[in-house]
Every structure is written in C-alpha cells, then in structure tokens.
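What follows is each chain in one-letter form.
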Amino acid sequence: MSSSSIALRELQRDLENKANDLSKLQKDIAKNHQVRKKYTIQLGENELVLKELDLLKEDANVYKLIGPVLVKQDLAEANANVRKRIEYISAELKRLDGSLQDLEEKQHSKREAILKVQQRIQSHQAGKAKA
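Residues numbered from 1 in each chain as written. Predicted model: local features only at pLDDT ≥ 70, side-chain atom pairs only at ≥ 80, totals over all residues. Heavy atoms only, no water.

A. View of the nonpolar core. Tyr 39, Leu 43, Leu 50, Leu 53, Val 62, Leu 75, Ala 78, Val 82, Ile 86, Ile 89, Leu 93 and Leu 96 together form the largest nonpolar core, which totals 12 residues. Every element with two or more residues in this core is listed here: α1 (3–55) and α2 (75–130). Residues in contact with Leu 50, not counting those within four places in the same chain, are Asn 79, Val 82, Arg 83 and Ile 86. (Core = buried A, V, L, I, M, F, W, Y, C linked by side-chain atoms within 4.5 Å. Buried < 20%, exposed > 50% of the residue type's maximum accessible area, 1.4 Å probe, protein only. Helix = DSSP H or I, 4+ residues; strand = E, 2+ residues; numbered from the N terminus. Contact = heavy atoms within 4.5 Å.)

Written out as structure tokens, the structure is:
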C-alpha cells in the first residue's frame, strides 16, 4: 500500500471525526435552544403573575397550589417568591446565552476545520489523478 493512500485514509478518518464532533455540537445547540425556549415561557408566565399580584390590594387572599391543596399565602411572600423566580430564570437565560455563543463559536471553527480537511483531500486526490 502506498504512502499516499495511507495519508488519504488518515485524512478521511480525520474528516469523519470532525464531522461527528460537528454533529454533536449541533445537537447541543438544539438542546440549548429547547431549554432556552422553556425558560423564556416560564419568564413570561412569572412576569404575568407578578403583574397580577401588583393589581391586588394588601388585604387580598392569595393561594399557592402545593400538590392537590391550595394553601393560603401572604401577599408579600408571594410577591417575593415570584420576584426571586424571575431573577433565577433571568440568570439562567443569561447563562444559556453565554453557553450558546460558545457552542456557536466552536461550531464555526469546527466547520472551518472540516473545510480545510476536505480541501486537503481534494488536492491529494487531484495530485494522485495527475500521477
């Protein structure tokens, strides 16, 4: 077996590995988008609850669903809980945005690496065809 066919086989193996890595990155990006969508929906729901709580008078009855039971809750406590939840969800969204940006940068560099390997394979095959 010639050294050029061994080199070509190595390049193809490298290309396959990089393509698998790219596929994994794309799955991670899709998962990130899914989780981000879920948090965005939760944020909207909690902001709506906060607006509703702000409309209530101080002496209004507020109930919290715990399992199958509605439990009476203090309005200030309910307000604080919802604000804390909004704060947490916003922080998670910010973290997910950072993670998504990192994944997209990795995806871009992986695509560039794949293109370089493909070009090397093509030039290798073109050199072999001339010989």
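B. Broad picture of the side chain of Asn 32. Summarising the element assignment, Asn 32 is placed in helix α1. A distance of 3.3 Å separates the side chain of Asn 32 from the backbone oxygen of Leu 96, its partner in a polar contact. In contact with Asn 32, not counting residues within four places along its chain, are Leu 96, Ser 99, Leu 100 and Leu 103. (Polar contact = N/O pair within 3.5 Å; in protein donor to acceptor, adjacent residues only side chain to side chain.)

C. Representation of the UniProt feature "coiled-coil region" (unreviewed entry) in the protein. Sequence positions flagged by UniProt for "coiled-coil region" (unreviewed entry) are, in local numbering, residues 86–120. Taken as a whole, residues 86–120 contains 100% helix and 0% strand, while its terminal C-alpha atoms sit 51 Å from one another. (UniProt positions renumbered as here; feature names shortened; annotations may be inferred.)

D. Fine view of the pattern of salt bridges. Inspection of every chain in the model, using the stated rule, returns eight salt bridges. Across the pair Lys 18 and Asp 14 runs a salt bridge, and its minimum N-O distance is 3.3 Å. Of the two residues, Lys 18 and Asp 14 both sit in helix α1, four residues apart, roughly one turn of that helix. Since its relative accessible area comes to 26%, Asp 14 is described here as partly exposed. Between Arg 83 and Asp 54 there is a salt bridge, with its nearest N and O atoms 3.7 Å apart. Taken together, the positions of Arg 83 in helix α2 and Asp 54 in helix α1 put the pair 29 residues apart, joining distant regions of the chain. (Salt bridge = Lys/Arg side-chain N within 4 Å of Asp/Glu carboxyl O.)

E. Representation of the environment of Ile 29. Its place among the elements puts Ile 29 in helix α1. Taking the C-alpha atoms as reference points, Ile 29 and Val 117, separated by 88 residues in sequence, lie 23 Å from one another.

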